[in-house]
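Structural characterization, general
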Amino acid sequence: MTGEERLTEICAAHRGREGPLLPILHDVQSAFGCVDPAAERVIANALNLSRAEVHGVVSFYHDFTAEADPRPAIELCRAEACQARGVEALVEAAEHAAGERVRIKTVYCLGLCSAGPAARIGSQLHARLDRAALLELVQSA
Amino acid sequence: MTTVRISDDALALACGADVIAEAFVAAGCTVERVSSWGMHWLEPLVEIDGSGWGPTGVDDVAAILAKTSDLSIGTIADHPFIAAQQRLTFARAGKTRPLSLDDYAATGGWAGLKRARMLASPDLIAEVIQSGLRGRGGAGFPAGIKWQTVAAAPGTRKYIVCNADEGDSGTFADRMLMEGDPFHLIEGMAIAAHAVGAAQGYIYVRSEYPHAIAKLKAALVLAEALIAPFRCEVRVGAGAYVCGEETSLLNSLEGKRGEVRAKPPLPAHQGLFGQPTVINNVLTLAAVPHILLEGGAAHYDSHGILRSKGTMPIQLAGNIKHGGLFETAFGITLRELIYDIGGGTFSGRPVKAVQVGGPLGAYLHPDQFDIVFDYEAYSAADALIGHGGIVVFDDTADMGKLARFAMEFCAAESCGKCTPCRIGSTRGVELIDRIRGRAQTSADPVAALPQMHNAAKHLRTHDENLQLLEDLCETMQYGSLCALGGFTPYPVRSALKHWPEDFGASS
Ligand SMILES: Cc1cc2nc3c(=O)[nH]c(=O)nc-3n(C[C@H](O)[C@H](O)[C@H](O)COP(=O)(O)O)c2cc1C
Ligand code: SF4
Ligand code: FES
């Protein structure tokens, strides 16, 4: 299946739903790792929107990206409760260990605020991170 | 065969609960995955015949089975952290399997919905009003009044929207409820639907909660016939904090940018797709099944103080020894919560500050710890209860840095609709940097232009910069469309007021 066929299929799967754009964008992001301008065009056509409208939505939300990043990503919480439990002291070492190979992405709160510092890799959650545990996550990512 | 109960709540999983569960299975036990009791410092918590052990590692399994482990906490239900609570919304926490319809029905599930269906809409809404239930999402608006407005609004297509965007740092009660007792939320939504005459519901869950999303989707399939003709669907957010604001959330559900809408029109009149819409927080909707029991409204109203009625699931987070979920009637003091229940800081150092109500909430100083948990008492102290998250900081916290973070967070999450928030937050970061650096900065090239009649032509002193920060906060507070820009000044100003030394003030 070509990329365009896959896109058309995703749009068709959500036809008839109320407010289908976000569910479509989530599926496209997870299938392609991004929502690029070509995808925006196909989606706009399918939903009878302008490409500008679709692009406006894509660029608004942190979860959607214009380009795919093939690197493994660790989402590290740096919100207040995790700051109170010392996450800031771990950031530099984690970024150093990650280098160009792993992406350390800042997020604000994973709902594990009583047991931070916390991180997420996909649906894998990690709490009570110290330096050693976080570095191990980076190395095995 | 021994039956072992271990939570499958996301926090327990993050602390390694799956590995412990596997180890018990390997040791020949039956393992039941239940919801979490909410004693997070003890996760993974292992329960056998009502007794608990935690926090457990794989190496503890043999000793627990031999009853020789020193991780024993005795009978879980008698633990002071649990015994001191008044759990209405979280009555099932720790006790049931989240996706078991049998467990749900055996613990009183669906009784509220059954009774609600026998009531006429005005009588049902009257009970919700009588209970004194106020919105738990932040603003504390009376839930029954909101329902009444939607019920009275003309239109045949109405919606129930559950706000499960829970973006505030220090909060996890919505997550725990959705993962641990999903039918309870669904029952609350079905009652709301019956009250206002809505046929369709949406639960808008943030994408950071994959476990809650999976549980809700599974629960909705199981409960489909029980809640019919009401239909309900999960929708996933896309990483925008501002989409917790109700009108932004509605735009997002409609497939638009999550920009805040001006009010009026209220969502109750013109909400989702322009139709009358009830939008309530998870905890608001989950309080309803209890209220709809026979005598439930009066029982709910008998808890709490003044105009803050019922119970609040308070979340103890950050640098606290005994963190977790503590549901209690309104009226408890911060001091009790932090020291008696929370056990002080996790680091063992003195408490320096506490942020209540998420990133838009004020930082409270230990001198203010006698404040009681009550919507009005907090607003009188320029603070807010918000969603009930309490984040504790020890004396290593740098309040100037946290004030800067508040501005930075606002800049990152602003929807961009209004200037004080979109631009003011960025200027706020720069200004706090200047104040804290105490460096003489060169005059702003724009400010130096001849057209800028009102701009200062000399380098601002430290005190002038502080005054400018105050002015900026005031502009944001009164000139913003929603509480993201409007409340960001609370953490900033409270930090500045109580800890000026952290802003480089000569003390
Ligand atoms: C920036 C911002 C973020 C918000 N985030 C949430 C949230 O995550 N969950 C929530 O229930 N309410 C949130 N609110 C409050 C909602 O706008 C609204 O008051 C609430 O959904 C109403 O439900 P309730 O009456 O049951 O509290 C937020 C408000 C603002 C201004
Ligand atoms: S205050 Fe900020 S988030 Fe709220 S409407 Fe204005 S720009 Fe948007
Ligand atoms: S603040 Fe880090 S998980 Fe909530």
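Presented here is a report on the structure given in the accompanying data block. (Residues numbered from 1 in each chain as written. Chains lettered and ligands numbered in written order. Predicted model: local features only at pLDDT ≥ 70, side-chain atom pairs only at ≥ 80, totals over all residues. Heavy atoms only, no water.)

1. Let's talk about the interface of chain A and chain B
On the chain B side, the residues contacting the 37 residues of chain A number 67 residues. Of the roughly 3,700 Å² buried between chain A and chain B, counting both surfaces, carbon and sulfur atoms make up 55%. When residues of chain A are sorted by the area they lose upon contact with chain B, Glu 18, Phe 60 and Glu 80 of chain A head the list and together hold 19% of the total. Between the two partners, chain A and chain B, sit 2 salt bridges. A salt bridge links Glu 233 of chain B to Arg 17 of chain A, with the nearest nitrogen and oxygen atoms 2.4 Å apart. There are 28 residue pairs in polar contact (both at pLDDT 80 or more) connecting chain A and chain B. Among the secondary structure elements, those contributing two or more residues to the side of chain A that touches chain B are α2 (21-32), α4 (51-60), α5 (80-84) and β4 (124-126) of chain A. (Contact = heavy atoms within 4.5 Å. Buried area = accessible area lost by both parts, 1.4 Å probe. Salt bridge = Lys/Arg side-chain N within 4 Å of Asp/Glu carboxyl O. Polar contact = N/O pair within 3.5 Å; in protein donor to acceptor, adjacent residues only side chain to side chain. Helix = DSSP H or I, 4+ residues; strand = E, 2+ residues; numbered from the N terminus.)

2. Some remarks on the packing of aromatic side chains
Enumeration according to the criterion identifies 19 aromatic pairs over all chains in this entry. An aromatic cluster is present here, built from Tyr 108 of chain A together with Tyr 241, Phe 405 and Phe 409 of chain B joined pairwise through their rings. If you follow Arg 85 of chain A out to its NZ or CZ, it ends over the ring of Phe 346 of chain B, 4.3 Å from the centre. Seen from the ring of Tyr 209 of chain B, Arg 206 of chain B lies directly overhead, with NZ or CZ sitting 4.9 Å from the centre. (Phe/Tyr/Trp six-rings, centres within 6.5 Å; stacked < 30°, edge-to-face > 60°. Lys NZ or Arg CZ within 6 Å of the ring centre and 35° of its normal.)

3. Quick notes on the side chain of Arg 134 of chain B
Residue and element names in this part refer to chain B. Among the secondary structure elements, Arg 134 is positioned in the loop between α7 (121-131) and α8 (143-152). For Arg 134, a relative accessible area of 9% corresponds to the buried category. At 2.8 Å, the side chain of Arg 134 forms a polar contact with the backbone oxygen of Gly 140. Discounting chain neighbours no more than four positions away, the residues touching Arg 134 are Gly 140, Phe 141, Pro 142, Ala 143, Thr 284, Arg 307, Ser 308, Tyr 375 and Glu 376. (Buried < 20%, exposed > 50% of the residue type's maximum accessible area, 1.4 Å probe, protein only.)

4. Some details on the site of ligand 1
All names here are of chain B. Around ligand 1, a shell composed of 19 residues is seen, among which Gly 137, Asn 163, Asn 280, Asn 281 and Thr 284 lie nearest. For ligand 1, an oxygen atom lies 3.1 Å from a polar atom in the backbone of Glu 166. A distance of 2.8 Å separates an oxygen atom of ligand 1 from a polar side-chain atom of Asn 280. Across the complex, the protein chains shield 91% of the 610 Å² of accessible surface that ligand 1 would expose by itself. Every element with two or more residues in the shell around ligand 1 is listed here: β9 (277-281) and α21 (483-487). With 3 residues, the single largest contributor to the shell around ligand 1 is β9. Per-class residue counts for the shell around ligand 1 are 4 nonpolar, 9 polar and 6 charged. (Near = heavy atom within 4 Å. Areas by Shrake-Rupley, 256 points an atom, 1.4 Å probe, with all protein chains shown as cover. Nonpolar A, V, L, I, M, F, W, Y, C, P; charged D, E, K, R; others polar.)

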